[in-house]
Amino acid sequence: MLAVRWYLRYGLSYRDVEKLLAERGITVDHVTVYRWVQRFTPLLIDAARPRRDRWFVDETYVKAAGLKHLASARVVSTGHAFVQNLRCGHYELGMDVDPQHYLPAAFAELALAI
């Protein structure tokens, strides 16, 4: 979940996430990170969706270079919009957390819901 969060939140490449994990002693291939993003992003979105009916989409630029399939681009752009909506507080996750720590706490709660 941490790798997916880094990818979606900071717009890193799969290889960048691979290197960050390697620095922390976790050996994983960038293709595995890609598969995690494809697998877990829709689950994170579905876990958050029942909390609020409306879906806010902002017009934030999403780096799409290297995405070879439309489905991949859709997952990444939806995941990016999801993270932006979390940061803006558009979801009520039932937490009393300092706004500075809202995104990490939201990901921790969503990881438990999956």
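Reference entry: report on the structure contained in this document. No experiment lies behind these values; they were computed from the predicted model shown.

Core analysis: the largest hydrophobic core is formed by 26 residues, its most contacted members being Tyr7, Val17, Leu21, Phe82, Leu86 and Leu110. Those elements giving two or more residues to this core turn out to be helix H1 (2-10), helix H2 (14-23), helix H3 (30-48), helix H4 (70-88) and helix H5 (102-113). It is H3 that contributes the most residues to this core, six residues altogether. Non-local contacts of Tyr7, meaning those with residues more than four positions away in its chain, are made with Leu12, Ser13, Tyr14, Val17, Val37 and Val76.

Before going further, it helps to spend a moment on H3. Taking 1.5 Å per residue as the helical rise, H3 with its 19 residues ought to reach 27 Å, and the 26 Å between its terminal C-alpha atoms agrees with that figure. Its maximal kink placed at Phe40, H3 deviates by approximately 30°, while the proline Pro42 follows within four residues. For H3, the set of buried residues is His30, Val33, Val37, Gln38, Thr41, Leu44, Ile45, Ala47 and Ala48.

Per the counting criterion, the structure on display carries one salt bridge. Between Glu23 and Arg24 there is a salt bridge whose closest N-O contact spans 3.8 Å. What makes Glu23 exposed here is its relative accessible area of 61%.

Cut-offs and rules
Residues numbered from 1 in each chain as written. Predicted model: local features only at pLDDT ≥ 70, side-chain atom pairs only at ≥ 80, totals over all residues. Heavy atoms only, no water. Core = buried A, V, L, I, M, F, W, Y, C linked by side-chain atoms within 4.5 Å. Buried < 20%, exposed > 50% of the residue type's maximum accessible area, 1.4 Å probe, protein only. Helix = DSSP H or I, 4+ residues; strand = E, 2+ residues; numbered from the N terminus. Contact = heavy atoms within 4.5 Å. Expected span 1.5 Å × (residues − 1). Bend = angle between axes of the 7 residues up to and from the residue. Salt bridge = Lys/Arg side-chain N within 4 Å of Asp/Glu carboxyl O.

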